[in-house]
Amino acid sequence: MKYYSTNGKVKGVSLKEAVLQGLAPDGGLYMPERIPVLGQDFYDKIHLMTFSEIAMKVAESFFSDDIHKNSLESIVQHSMIYDAPLIRLSDKLFSLELFHGPTLSFKDFGVAFMARLVAHLIKDDDQELNILAATSGDTGSAVGHGFLNAPGIKVWILYPKGQISHIQEQQLTTMGHNVTAFELEGSFDDCQALVKQAFNDKELTAQRRLSSANSINIARLIPQTFYYFYGYGRLNAAGHHAIFSVPSGNFGNLTAGLIAKKMGLPIFKLVAATNINDTVPDYLKTGVFAPQPSKHTISNAMDVGNPSNFARMLALYPEGVAAMRKDIEGYSFTDAQTEEGLRALYREYSYIADPHGAVGSLGLHEEQKMYPHTPGIFLETAHPAKFVDIIEPILNRSIDIPDRLESVLHKKKLAIPLKNDFAALKHALLKSV
Ligand SMILES: *Cc1c(COP(=O)(O)O)cnc(C)c1O
C-alpha cells in the first residue's frame, strides 16, 4: 500500500516514509491510496472474534504488502492489549469504553500500535530514533507509555513547569528507561518552539535521527478503526446497522470511523459530537469551513477550532458536503448541556461518564430522536477519574481512582530541569548515548 498527501503534491509514498515523516513535505496529511473492503465472511463472524483477531484482520488489509504476517501479528499482540468493553445502558444505548489503557484515554490505542510499528520499521537501521514531543499534559504520557522500552527508540518529552496537573506530571516523569522528561522553565508554546528548533538544527539532525509522534500520524489513525469493528461485533446485531457517536476535537477518531464505514462496517451514521468548538458541525450545516480560535470548555481535549483531520474527511468525500451529510451528522453542546448530560447518564443508568463521553452521549441522544430503533454506541474516550475535579461537584459524589493511576502518584519524579534555551536541549540530546 502506498500513501498520498491530502495536499495533493505528494503521492506513492511508502509506509515507512509516511510514518517516519508524520506530516507530508507539502504540509498535508497522509492517507492510504485505497480503502480496503473486508469480505462478508469477516462480517458474518465478527461477533465471535476477539479484539486482537479483529485488529489483525483489519491491519492485514492495510499492511500485508509491507509487513510480513508474523511481524504484524507480533505488533498487534504487543500493542492491542487494552480492554474495550461495550457497556449496555439500555436496549439501544451503549458506551464503548476506550479508557482502559495506561493514560486512561482512547489515544493509548493509536500510540501503542504506532510505537510497535515504528520499532519494526526501523529495526534494520543502524541509527537510533529519537522521538521528541512537546506536551501540555496528556499527549506526552501517552507517547511515553507507547514507546516505553521500544528497542532502538528514545523518547524526549518537554513539558511546561508548573503548568500541568500533578497527576499528569507524575504520569510523564516516572516512566524512566528510554523515556526522559524535561521540565522546562517556560510555557507550552516555548516547549513547542524548542522542538521545532531541534528539527531545524542541521548539526543536531546530522548526528541524531529525530521524529515526532504527533496525533496526525497515519500510524495512529489506522489502529483507531479497530475498536469500531470490535464494538460493532459486541453488539451482536448481525446484519443490522448501528450509529456511532464520536466526541471530537481534532477529528482523528471520527475519521477512523469513516474509514471503518468505507471498509464495509454497517455504520448507519457517524455523529460528530463537539463542545462549543463547533467548526465541523457548522460546516455540515452551512457547507463553509470556517476555523475559529479555540474556546476553553470542560471537555478540554476537544477544544480545537481548526481540526487538522478535516483534510482527511474531505479526502474521503471528494464529492463534497452533500455526500458527507449522508454519513455524518453534527451536533454541538455547551458546558451546561454537558453537565446535564453527565447527570442524565448517572440518574437514568447509574453510569458515570467523563465530560467528553457525555458530549458523545448527547449527540447520540439527538440522533436517536430521529432513529429510535437503531442501536447507538457512544465512544467513551476518557476515564472519569481524569476529570474528578469537574465531575464530583456535578454528580455530588466521589469518583474512584483506578489502581494504575493511584500507583503512579507514589513513584519518584525523574524530570530533568531545563532552561528555556535551545543550547541546553541540544546539549542534552547530543550527550546522550
Ligand atoms: C483527544 C481526545 C478527544 C478528541 O479526539 P480527536 O480524535 O482529536 O477528535 C476526545 N476525548 C478525549 C478524552 C481526548 O483525549
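Scroll up to find the structure this text is about.
Quick look at the structure, then. All of these numbers come straight from a predicted model, not from anything done at the bench.

### Things to note about the side chain of Asp 354
- In this structure, Asp 354 sits in the loop between helix H16 (335-349) and helix H17 (355-370).
- Of the side chains with opposite charge, Lys 386 lies nearest to the buried Asp 354, which makes no salt bridge, at 8.6 Å.
- A distance of 2.6 Å separates the side chain of Asp 354 from the side chain of His 356, its partner in a polar contact.
- Those residues in contact with Asp 354 that lie beyond four places of it in its chain are Leu 342, Glu 380, Ala 382, His 383, Pro 384, Phe 387 and Ile 391.

### Some thoughts on the sheet that holds strand E13 (residues 416-418)
- Taken in spatial order, the five strands of this open sheet run E8-E5-E6-E7-E13, and their pairing is parallel. What marks the edges here is a single partner per strand, and that holds for strand E8 (209-211) and E13. Put simply, the sheet's adjacent strands are angled 30° from each other on average, direction ignored.
- Two elements, strand E6 (residues 153-160) and strand E7 (residues 179-184), share six bridges in a ladder whose sense is parallel. Looking across to E7, one finds that Ile 157 is bridged to Ala 181.

### Some points on the nonpolar core
- Formed by 100 residues in total, the largest nonpolar core has its most connected members in Phe 63, Phe 147, Ile 153, Tyr 228 and Phe 229.
- Ignoring any residue separated from it by four or fewer positions in sequence, one finds Phe 63 in contact with Tyr 3, Leu 15, Leu 72, Phe 113 and Ile 222.
- Within the second largest apolar cluster, 27 residues are counted, among which are Leu 93, Ala 273, Ile 391 and Ile 394.

### With respect to the pattern of salt bridges
- Applying the stated criterion across every chain yields a total of 15 salt bridges.
- Its salt-bridge partner being Asp 124, residue Lys 123 comes within 3.5 Å of it at the nearest N-O pair. Here Lys 123 matches Asp 124 in class, with each residue exposed.
- Of the charged contacts in the structure, one is a salt bridge between Lys 369 and Glu 366, with a shortest N-O distance of 3.1 Å. Taken together, the positions of Lys 369 and Glu 366, both in helix H17 and three residues apart, correspond to about one turn of that helix.
- Each member of the salt-bridge network shares a partner with another, and the members are Glu 340, Arg 343, Arg 347 and Glu 348.

### Examining empty space enclosed by the protein
- For the structure on display, the rule yields one cavity of 30 Å³ or more.
- Taken as a whole, the largest cavity spans an internal volume of roughly 40 Å³.
- Taken together, Tyr 43, Ile 46, His 47, Tyr 232, Gly 233, Asn 236, Ala 237 and Ala 238 form the lining of the largest cavity.
- Taken together, the residues that form the lining of the largest cavity break down as five nonpolar, three polar and no charged.

### Some words on the site of the ligand
- The ligand sits among 14 residues. The nearest are Lys 107, Gly 249, Asn 250, Phe 251 and Thr 381.
- Separating an oxygen atom of the ligand from a backbone N or O atom of Gly 249 is a distance of 2.8 Å.
- Within the contact set of the ligand, an oxygen atom lies 2.8 Å away from a backbone nitrogen or oxygen of Phe 251.
- For the ligand, whose free accessible area comes to 380 Å², the fraction covered by protein is 93%.
- Among the residues making up the shell around the ligand, the classes are represented as six nonpolar, seven polar and one charged.

### What about the layout of surface pockets?
- As a volume, the second largest pocket reaches approximately 310 Å³.
- Lining the second largest pocket we find 16 residues, and of these Leu 93, Glu 348, Tyr 349, Ser 361 and His 365 sit closest to its centre.
- Elements that contribute at least two residues to the lining of the second largest pocket include exactly H16 and H17.
- Residue contributions to the lining of the second largest pocket peak at seven residues, all from H16.
- Of the residues in the lining of the second largest pocket, the class split is six nonpolar, six polar and four charged.

### Thoughts on helix H12 (residues 252-262)
- Buried residues dominate H12, accounting for nine of its 11 residues.
- Among the residues of H12, Gly 252, Asn 253, Leu 254, Thr 255, Ala 256, Gly 257, Leu 258, Ile 259 and Ala 260 are the ones counted as buried.
- Gly 264 occupies a position one or two residues after H12 and carries a positive phi of about 105°.

### Thoughts on the sheet that holds strand E9 (residues 242-247)
- Pairing in this open sheet of six strands is mixed, and the strands run E3-E4-E12-E9-E10-E11 from one edge to the other. Across the chains shown, the open sheet's two edge strands, defined by having one partner strand only, are strand E3 (86-90) and strand E11 (328-332). Averaged over all neighbouring strand pairs, the angle between strand axes comes to 25°, with direction disregarded.
- By the bridge criterion, six bridges tie E9 to strand E10 (residues 267-274) in an arrangement that is parallel. Bridge pairing in E10 places Ser 245 opposite Val 271.

The rules behind these values
Residues numbered from 1 in each chain as written. Predicted model: local features only at pLDDT ≥ 70, side-chain atom pairs only at ≥ 80, totals over all residues. Heavy atoms only, no water. Helix = DSSP H or I, 4+ residues; strand = E, 2+ residues; numbered from the N terminus. Buried < 20%, exposed > 50% of the residue type's maximum accessible area, 1.4 Å probe, protein only. Lys, Arg positive; Asp, Glu negative; His and termini not counted. Salt bridge = Lys/Arg side-chain N within 4 Å of Asp/Glu carboxyl O. Polar contact = N/O pair within 3.5 Å; in protein donor to acceptor, adjacent residues only side chain to side chain. Contact = heavy atoms within 4.5 Å. Pairing = 2+ DSSP bridges. Axes fitted to C-alpha atoms, helices over the stretch in contact; angles between N-to-C directions. Core = buried A, V, L, I, M, F, W, Y, C linked by side-chain atoms within 4.5 Å. 1 Å grid on protein atoms, 1.4 Å probe; cavity = no way out; pocket = protein on both sides within 12 Å on 5 of 7 lines; lining within 4 Å. Points joined across faces, edges and corners; volume = space filled by probe spheres on them. Nonpolar A, V, L, I, M, F, W, Y, C, P; charged D, E, K, R; others polar. Near = heavy atom within 4 Å. Areas by Shrake-Rupley, 256 points an atom, 1.4 Å probe, with all protein chains shown as cover.

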